[in-house]
Amino acid sequence: MTDTTGSLLGAYLRDRRARIDPAALGLPVGRRRTPGLRREEVAQRANISPTWYAWLEQGRGGAPSADVLNRIATGLMLTEVEREHLFMLGLGRPPEVRYRAPQGVTPRLQRLLDAFEVSPAFIKTAAWDVVAWNRAAAAVLTDYGALEPRQRNILKLIFGPSRDRMAAEDWTDMARFVVAAFRADTARAGAVSEAADLVAELCASSPEFEAMWRDNEVRVHGEGAKRMNHPLVGQIALEFSSFAVDARPDLGLVVYNPLTPQDAELVRMLCGQACHSGGRAL
């Protein structure tokens with residue numbers, strides 16, 4: 001760690017320490033020369049040597065380990081973004097991803113989905129469970145609201161006896177792509193162990209999935225095209241793009257855009273039919 005990096009790390013630690021209210025932690029306030037916690041209080045909360053912590057704030061403690069930074073982040077009650085910044089200053093890299101079980105989406109994210117009137121869009125977890133979607137996705141792709149929550153999984157829909165298998169023109173290529181992207185997503189989000197049960201279930205129920213999974217291919221979901229045969233309107237051509245949800249490594253946004261004005265009109269027609277029939281996307 002260079003002198004400049006050490007100085008930046010020290011300044012950041014001092015700033016975060018000064019922002020914590022001792023009274024909120026049940027610590028005596030008394031007469032404090034500076035706002036926030038004392039250095040020894042942070043060191044005690046992080047279970048590290050007070051001298052070592054003081055050196056870090058002074059920019060002369062050397063490069064701390066990831067374990068020390070994690071303990072300091074806990075002691076200072078840093079957010080995930082603040083913790084990542086701490087690692088970038090201390091080690092020059094982000095911390096290892098810690099998977100968090102999905103807890104749904106915010107109303108703001110749902111409003112974003114709903115803004116895509118003729119673009120099917122949904123939000124999926126690292127295990128490819130669909131947790132939010134818009135009306136266009138329900139009308140064109142799958143009526144996720146009609147499924148039990150544990151069945152709202154893209155891989156289960158693709159490899160099960162569902163419309164997804166019948167609708168896709170190039171099912172084998174599409175399925176192989178999804179399996180490879182799923183493998184990459186779970187590893188990136190630190191959710192490999194969490195997805196193990198799903199993989200075992202699919203391997204047991206689908207020889208095709210088992211064969212593709214054993215190929216060990218890895219792909220980035222990124223963007224691409226999808227041609228499907230919808231049972232009501234026939235062929236629809238869509239192009240998709242996938243996006244990370246900021247500060248939520250467990251979630252990804254996927255948006256399908258109609259390839260032509262004619263495709264957009266078909267999507268609009270399906271959305272209208274779902275609305276008039278009382279179907280709900282949410």
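Because the structure is predicted, anything quoted here is derived from the model rather than measured. (Residues numbered from 1 in each chain as written. Predicted model: local features only at pLDDT ≥ 70, side-chain atom pairs only at ≥ 80, totals over all residues. Heavy atoms only, no water.)

> Describe the overall build of the protein chain, and please don't skip the residues or the numbers.
Looking only at helices and strands, the protein chain features 13 helices and five strands. Of the contacts formed within the protein chain by residues at least 6 apart in sequence, a portion of 54% connects residues at least 24 apart. As displayed, the protein chain offers around 15,100 Å² of accessible surface, 53% of which is attributable to carbon and sulfur atoms. (Helix = DSSP H or I, 4+ residues; strand = E, 2+ residues; numbered from the N terminus. Contact = heavy atoms within 4.5 Å. Areas by Shrake-Rupley, 256 points an atom, 1.4 Å probe, with all protein chains shown as cover.)

> Account for the side chain of Asn-134, with residues named and values stated.
Following the sequence through the fold, Asn-134 ends up in the loop between strand S2 (130-133) and helix H7 (135-140). Here Asn-134 falls in the buried class, since its relative accessible area comes to 1%. Reaching out from Asn-134, the side chain makes a polar contact with the backbone oxygen of Leu-113 at a distance of 3.0 Å. (Buried < 20%, exposed > 50% of the residue type's maximum accessible area, 1.4 Å probe, protein only. Polar contact = N/O pair within 3.5 Å; in protein donor to acceptor, adjacent residues only side chain to side chain.)

> Lay out the packing of aromatic side chains with the relevant residues and their values.
One pass over the full model with this rule turns up nine aromatic pairs. Both rings, one in Phe-159 and one in Trp-171, keep their centres 5.5 Å apart while their planes meet at 75 degrees; by these two values the pair is edge-to-face. Remark: Trp-171 occurs in helix H10 (residues 171-188) and Phe-159 occurs in helix H8 (residues 154-159); sequence separation between them is 12 residues. Owing to a relative accessible area of 7%, Phe-159 belongs among the buried residues under this scheme. Aromatic rings pair up to connect Phe-122, Trp-133, Tyr-144, Phe-177, Phe-240 and Tyr-256 into one cluster. (Phe/Tyr/Trp six-rings, centres within 6.5 Å; stacked < 30°, edge-to-face > 60°.)

> Can you tell me about the side chain of Glu-57, naming the residues and giving the values?
As for its position among the elements, Glu-57 is in helix H3 (residues 50-57). Residue Glu-57 is classed as buried on the basis of its relative accessible area of 1%. In terms of polar contacts, Glu-57 uses its side chain to reach the side chain of Arg-39, at 3.0 Å. Setting aside residues up to four positions removed in sequence, Glu-57 forms contacts with Gly-10, Leu-13, Arg-14, Arg-17 and Arg-39.

> Tell me about the packing of helix H4 (residues 66-75) against helix H5 (residues 80-91), and name the residues and values.
At a minimum axis separation of 10 Å, H4 and H5 run at an interaxial angle of 145 degrees. By crossing handedness, the relation of H4 to H5 is classed as right-handed. Counting all contacts with H4, which are made through Ala-66, Leu-69, Asn-70, Ile-72 and Ala-73, the residues of H5 involved are Arg-83, Leu-86, Phe-87, Gly-90 and Leu-91. (Axes fitted to C-alpha atoms, helices over the stretch in contact; angles between N-to-C directions. Left-handed = near helix turned anticlockwise from the far one by under 90°.)

> I'd love a proper account of unusual backbone geometry, names of residues and values included.
One non-glycine residue, Asn-47, lies in positive phi territory at about 60 degrees. Looking at the element boundaries, Asn-47 is found in the loop between helix H2 (39-46) and H3. We classify Asn-47 as exposed; its relative accessible area is 61%. Despite not being glycine, Trp-128 shows a phi value in the positive range, around 65 degrees. Residue classification places Trp-128 among the buried positions, given a relative accessible area of 1%.

> Residues and numbers for the nonpolar core, please.
A general trend in soluble globular proteins is that nonpolar side chains are found buried together. Counting residues in hydrophobic clusters, the biggest one holds 42 residues, and the most contacted among them are Phe-122, Leu-141 and Phe-209. Take this core: its biggest share by element is eight residues, from H10. In terms of nonpolar packing, the next biggest core, distinct from the first, is built from 20 residues, Leu-13, Ile-48, Ile-72 and Phe-87 among them. (Core = buried A, V, L, I, M, F, W, Y, C linked by side-chain atoms within 4.5 Å.)

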